[in-house]
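Each chain, written out:
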Amino acid sequence: MILTAGERTDIVQYYTPWFMNRLHEGFVDVRNPFYPKRVNRYQINPDIVDTIVFCSKNYTPILPFLPEIQSQYPVYCFYTITAYGRDIEPNVPSVKASVNTFRRLSEIVGKKRTAWRYDPVMLYGPYTVESHLRQFNELASALSPFTSRCIFSFVYLYEKLKETFPDLKPVSRKDRMILAEGFGKIAASYGMTISTCGDMDDYTKYGIMKSGCLSTEILNEAEDIPLKQIPCHNARPGTGCTCIDQRAIGAYDTCPNGCRYCYANHSRNAIMRNRSMHDQYSTMLIGHLQKGDELIEGKQISYRIRAYQERLF
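Residues numbered from 1 in each chain as written. Predicted model: local features only at pLDDT ≥ 70, side-chain atom pairs only at ≥ 80, totals over all residues. Heavy atoms only, no water.

Engineer: Just to check I follow, could you spell out the packing of aromatic side chains for this structure?
Structural biologist: By convention here, two paired aromatic rings are described through the distance between centres and the angle between planes. With the rule as written, the count across this model stands at 18 aromatic pairs. Ring geometry for Tyr84 and Tyr127: centres 5.0 Å apart, planes at 80 degrees, overall edge-to-face. With Tyr84 in the loop between β5 (75-80) and α4 (95-109) and Tyr127 in the loop between β6 (114-121) and α5 (129-143), this residue pair connects regions lying 43 residues apart in the sequence. Here Tyr127 falls in the buried class, since its relative accessible area comes to 10%. Ring centres 5.5 Å apart and planes at 85 degrees place the aromatic pair Phe152 and Phe154 in the edge-to-face group. As far as burial versus exposure is concerned, Phe152 and Phe154 are alike and both buried. Among the aromatic side chains, those forming a connected cluster through ring pairs are Trp116, Tyr118, Phe136, Phe152, Phe154, Phe183 and Tyr203. Here Arg117 stacks its cationic end above the ring of Phe78, 5.7 Å away from the centre of that ring. The ring of Tyr252 has Lys160 sitting right over it, with the charged end atom 5.5 Å from the ring centre. (Phe/Tyr/Trp six-rings, centres within 6.5 Å; stacked < 30°, edge-to-face > 60°. Helix = DSSP H or I, 4+ residues; strand = E, 2+ residues; numbered from the N terminus. Buried < 20%, exposed > 50% of the residue type's maximum accessible area, 1.4 Å probe, protein only. Lys NZ or Arg CZ within 6 Å of the ring centre and 35° of its normal.)

Okay, structure coming up:
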């Protein structure tokens, strides 16, 4: 099983104590966002968890705990660093601070287990095609010693965004091609592989792969642990998402980063309400199990070839 800590909210930045408590206790409860009375319980132990995937915009809180985590579990870390300022990402650390933290993260977990996310790419106000190409080049130069992989995507206008960011427009095909060509050339100049995720267009002529954020092959190469082919799970229908099946343990409306393009939050009030119910000792991220909840053992399969062969014999 691939356990993902970062989808739906930034667990690393805001909920690391809770996450560590879940690891120590050996299980986590996740409320179904579409059927709130249904709660999936996932066991967390090395026999069933093949890799823990982190996604964050600030790894500082979890850095002291990563050696302990890595002593039991393979990890793969996505670090999002973009071109935007406080007008778009009000509670995200500065680029300089983020680059420094990225370096420390890579030194702990290893270059092949860190990936840089530059997304979503949107054109708005001062964030033009030219500024993106300039910032992307500067970041690629700073990060290339600490990662060999970059993932980018163009902003997708979810229905929620049409309400929370009504003046945001999609990036035109012409601008997407200009940016993709530029990103491809820049990444190649620094020896980085680059891919898209959640994009229906083909940019392979610019040296950009369409492998998705996470694949069996990427984990095999990063972790040196042979895995059976993990099935694709299209987490975002209609976007071209080709990422492998994962178990996300986050919850929507819980991230106070305040990013204007975020699809995971409805309102500031919802975030504040949910965070007020957070208990770092609870089995779930927000609140506790309630009377009437349907507790279900979540589907968990280890894809490790070694574990699979051991079971056969």
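Engineer: How do you make sense of the packing of α5 against helix α7 (residues 173-189) when you look at a structure like this?
Structural biologist: The angle between the axes and the distance between the axes are what describe a pair of packed helices. Running from N to C, α5 and α7 point in directions that differ by 20 degrees, and their axes come no closer than 10 Å. Relative to α7, the element α5 lies roughly parallel. α5 and α7 meet at a crossing whose hand is right-handed. Counting all contacts with α5, which are made through Val129, His132, Leu133, Phe136, Asn137 and Ala140, the residues of α7 involved are Asp175, Ile178, Leu179, Gly182, Phe183, Ile186 and Ala187. For the contact of α5 with α7, the per-class residue count stands at nine nonpolar, three polar and one charged. (Axes fitted to C-alpha atoms, helices over the stretch in contact; angles between N-to-C directions. Parallel < 35°, antiparallel > 145°, perpendicular 65-115°, else oblique. Left-handed = near helix turned anticlockwise from the far one by under 90°. Contact = heavy atoms within 4.5 Å. Nonpolar A, V, L, I, M, F, W, Y, C, P; charged D, E, K, R; others polar.)

Engineer: What am I meant to see in the nonpolar core here?
Structural biologist: Nonpolar side chains tend to gather and get buried jointly when the protein is soluble and globular. Counting residues in hydrophobic clusters, the biggest one holds 73 residues, and the most contacted among them are Phe19, Phe54, Ile69, Trp116 and Tyr118. Sequence-distant contacts of Trp116, that is, excluding residues within four places in its chain, are made with Tyr79, Ile81, Phe102, Phe136, Leu139, Ala140, Leu143, Thr147, Arg149, Cys150, Ile151 and Met192. Grouped together as the second largest cluster of nonpolar side chains are 18 residues, Phe78, Cys213, Leu214 and Ile230 included. (Core = buried A, V, L, I, M, F, W, Y, C linked by side-chain atoms within 4.5 Å.)

Engineer: Teacher, can you tell me more about helix α9 (residues 268-276) here?
Structural biologist: Residue pairs three or four apart in sequence face the same way in an α-helix, which turns once every 3.6 residues. Within the sequence span of α9, burial applies to Ala270, Ile271 and Asn274. Angular distribution of buried residues about the axis of α9 spans 100 degrees; they occupy a single face of the element. When the buried face of α9 is taken as reference, the exposed residues oriented beyond 90 degrees from it are Arg268, Asn269 and Ser276. (Arc of directions from axis to C-beta.)

Engineer: Explanation requested: the pattern of salt bridges in the structure shown.
Structural biologist: Opposite charge on two side chains lets them pair, provided their charged atoms get close. Taken as a whole and assessed by the stated rule, the structure comprises 14 salt bridges. With a closest N to O distance of 2.9 Å, Asp201 and Arg173 form a salt bridge. Highlighted residues: Asp201 in the loop between β8 (193-196) and α8 (216-223) and Arg173 in helix α7, separated in sequence by 28 residues. You can call Arg173 partly exposed: its relative accessible area is 48%. (Salt bridge = Lys/Arg side-chain N within 4 Å of Asp/Glu carboxyl O.)

Engineer: Help me out: how do you make sense of the sheet that holds strand β10 (residues 294-297) in this one?
Structural biologist: Spatial strand order, β2-β3-β10: three strands in an open sheet with mixed pairing. Strands at the two margins of the open sheet, each flanked by one partner only, are β2 (27-31) and β10. For this sheet the average axis-to-axis angle between neighbouring strands, irrespective of direction, equals 30 degrees. (Pairing = 2+ DSSP bridges.)

Engineer: Looking at this model, I keep getting lost on the packing of α4 against α5. Mind explaining?
Structural biologist: Interhelical geometry of α4 versus α5 gives an angle of 30 degrees and a closest axis separation of 10 Å. Our classification of the angle between α4 and α5 gives roughly parallel. Crossing angle aside, the handedness with which α4 passes α5 is right-handed. Of the residues in α5, those in contact with Val95, Val99 and Phe102 of α4 are Gln135, Leu139, Ala142 and Leu143. Broken down by class, the residue content of the contact of α4 with α5 amounts to six nonpolar, one polar and no charged.

Engineer: Would you mind going over the pairing of β6 with me for this structure?
Structural biologist: In summary, the side chains of a regular strand alternate between the two faces of the sheet. With eight of its eight residues buried, β6 lies for the most part within the structure. Across four bridges, β5 lies against β6 in parallel orientation. When the sheet's bridge partners are listed, Thr80 is paired in β6 with Arg117. Once you follow β5 into α4 and on to β6, the crossover reads as right-handed. By the bridge criterion, four bridges tie β6 to strand β7 (residues 149-154) in an arrangement that is parallel. By the bridge assignment for β7, Trp116 is matched with Cys150. Running through α5, the crossover from β6 to the neighbouring parallel element β7 is right-handed. (Right-handed = clockwise from strand over helix to strand, strands pointing away.)

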